[in-house]
Amino acid sequence: MSRHATQVGIVGAGPAGLLLGHLLHLNGIDSVIVENRSREYVIDRVRAGVLEQGTVDLMQAMGVDAGLQRSGLRHDGLYISFNGRRHRIDLAGLTGGKAITVYGQNEVVRDLIDARVGTGRPLYFDAKDVSVGDLDSTTPSVRFHHDGTDHDLRCDFIAACDGFHGICRPSIPDGVLTIYERLYQFGWLGILAEAPPSSDELVYTLHERGFALFSMRSPTVTRLYLQVPPDEPIEHWSDEAIWNEMLRRMTTRDGWTPNIGRIIQKSVTPMRSFVAAPMRHGRLFLAGDAAHIVPPTGAKGLNLAASDVLVLGRALKAFYERGRADWLDEYSDVCLRRVWKAQRFSWWMTSTLHRSPDETAFDHQRQIADLDYLTSSHAAMTSLAEQYVGLPMEVSFESVGL
Ligand SMILES: Cc1cc2nc3c(=O)[nH]c(=O)nc-3n(C[C@H](O)[C@H](O)[C@H](O)COP(=O)(O)OP(=O)(O)OC[C@H]3O[C@@H](n4cnc5c(N)ncnc54)[C@H](O)[C@@H]3O)c2cc1C
């Protein structure tokens, strides 16, 4: 048994855990990151791709933006398509110059792992049997098995950054958390294709046959999604069937259509809205997907992970530098205010742009009217734009020493 100690034990090396580890490092706070998957698996997992302005600014302020500056694709607008017509929403024009940046989560995670390795601070991949304990004490523990050795890591605090299926949230005693959850009657079939994007900006489509989303990862790779039933077996979809359906839903009357190319990855993801509150128990703090999940339509998941980390970073810095515990106490409330606004936005984007199996003809006409209003009202477009590029962070960069 190897016994060691750190200030903050971080479970999970996804965006939340890695960002927190680096933010703490910049403030001279010790951490150990424990991840149960391999480095390759964590990097190769295909997931988010849309970074809010605030996430980009945070990565820049933390000095982990070299790849983002090199390969990130800044988008000043997006399209909403319905009734065969695309309508552009000028995100930058409506928000005083803010934008989103398309940069794959794979790249974000790769850059953050490189930054972590560069600091020389511990990051264990392939940890087995990870568990957390003594959460009510002042020395909670992270226990795990790594490379033939059992580890007992004593911490001042534990950051639960282990995602929706992690072990930290279930380690909180029954009755502490209130769970708010909504499941949707559809999922997304997503593909990566070797095809140059035929639009410089994302295209969200509501079609008679359901939702479709055109996006991209690079100047040569297109990322496309289709609404399908949540339990749809991917084996039911040949590449040809996927392209037929993509083109059918996305092609607009002016002839715009995605470029076709070799499909290099395909999968089906169910959708849910989920919040566990409070985001703290004793000395364990939940951050990112461990505490909340949004349907991906609003592109908020990774961005919420980043804003949680900023709030937690401020609280830990104040605790270690000035003995302040009040920001630790406020952590959950401050995060949840932003989380709920993102939940509301993601739910609204999802319900406005998808066809529900139990909807009525009235519901569908209301959706069309919603989109018609959205794309013709300056006020409605401004509301969408300010939420899509990201509502202001609740915590300043100065408060985390940036
Ligand atoms: C298909 C899809 C598309 C998406 N698109 C977008 C988008 O466009 N924009 C956006 O902002 N978000 C998007 N998201 C959401 C985004 O990917 C997540 O919100 C983000 O990954 C959350 O980061 P996290 O670090 O909290 O959790 P995760 O990325 O899930 O990281 C958790 C880490 O903990 C590890 N872990 C789990 N269990 C244990 C354990 N027992 N011990 C140790 N480690 C453990 C996991 O292996 C993982 O590495 C999308 C998600 C999906 C699935």
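See above for the structure.
Residues numbered from 1 in each chain as written. Predicted model: local features only at pLDDT ≥ 70, side-chain atom pairs only at ≥ 80, totals over all residues. Heavy atoms only, no water.

Undergrad: How should I be thinking about the nonpolar core in this particular structure?
TA: In summary, soluble globular proteins display a tendency toward joint burial of nonpolar side chains. Among the nonpolar cores identified, the biggest contains 85 residues, and Val142 and Leu284 are the most heavily contacted of them. The biggest single contributor to this core is helix α9 (residues 301-322), with 11 residues. In this view, Leu284 contacts Val132, Leu135, Ile158, Ala160, Cys168, Ile172 and Met279; residues no more than four positions away in its chain are not counted. Listed in part, the 51 residues of the second largest apolar core include Tyr79, Phe186, Ala212 and Met271. (Core = buried A, V, L, I, M, F, W, Y, C linked by side-chain atoms within 4.5 Å. Buried < 20%, exposed > 50% of the residue type's maximum accessible area, 1.4 Å probe, protein only. Helix = DSSP H or I, 4+ residues; strand = E, 2+ residues; numbered from the N terminus. Contact = heavy atoms within 4.5 Å.)

Undergrad: Got a minute to help me understand the pairing of strand β14 (residues 210-218) in this structure?
TA: Taken residue by residue, a regular strand's side chains alternate between the two faces of the sheet. Judged by how many residues are buried, β14 sits mostly within the fold: eight of nine residues are covered. Sheet topology note: the strand β13 (residues 203-207)/β14 ladder contains five bridges and is antiparallel. Bridge pairing in β14 links Tyr204 to Leu213. The hairpin formed by β13 and β14 contains two residues between the paired strands. The sheet contact formed by β14 and strand β15 (residues 221-228) spans six bridges and is antiparallel. Across the sheet, the residue bridging to Ser218 is Val221, located in β15. (Pairing = 2+ DSSP bridges.)

Undergrad: What should I look at first to understand helix α6 (residues 105-119) in this one?
TA: Counted at 1.5 Å a residue, the expected span for α6 with its 15 residues is 21 Å, and the 21 Å between its end C-alpha atoms agrees. Turning to α6, its buried residues number three or more, namely Gln105, Asn106, Val108, Val109, Asp111, Leu112, Ile113, Ala115 and Arg116. The first or second residue beyond α6 is Gly120, which carries a positive phi of 75°. (Expected span 1.5 Å × (residues − 1).)

Undergrad: Sorry, what's going on with helix α1 (residues 15-26) here?
TA: Residues spaced three or four apart along an α-helix face the same direction, because each turn holds 3.6 residues. Helix length check: α1 (12 residues) gives 16 Å between terminal C-alpha atoms against 16 Å at 1.5 Å per residue, within 8%. Judged by how many residues are buried, α1 sits mostly within the fold: 10 of 12 residues are covered. Buried within α1 we find Pro15, Ala16, Gly17, Leu18, Leu19, Leu20, Gly21, His22, Leu23 and Leu24. One or two residues past the end of α1 sits Gly28, with phi positive at roughly 70°.

Undergrad: Quick question: what am I supposed to make of the state of the cysteines here?
TA: A covalent bond between the sulfur atoms of two cysteines is referred to as a disulfide. Counted by the stated rule, this structure contains zero disulfides. Among the cysteines around Cys155, which has no disulfide bond, Cys168 carries the closest sulfur, lying 10 Å off. Cys161 takes part in no disulfide bond, and the closest cysteine sulfur to it belongs to Cys168, at a distance of 8.2 Å. (Disulfide = S-S within 2.5 Å.)

Purely geometric stuff here, so don't read any function into it on its own.
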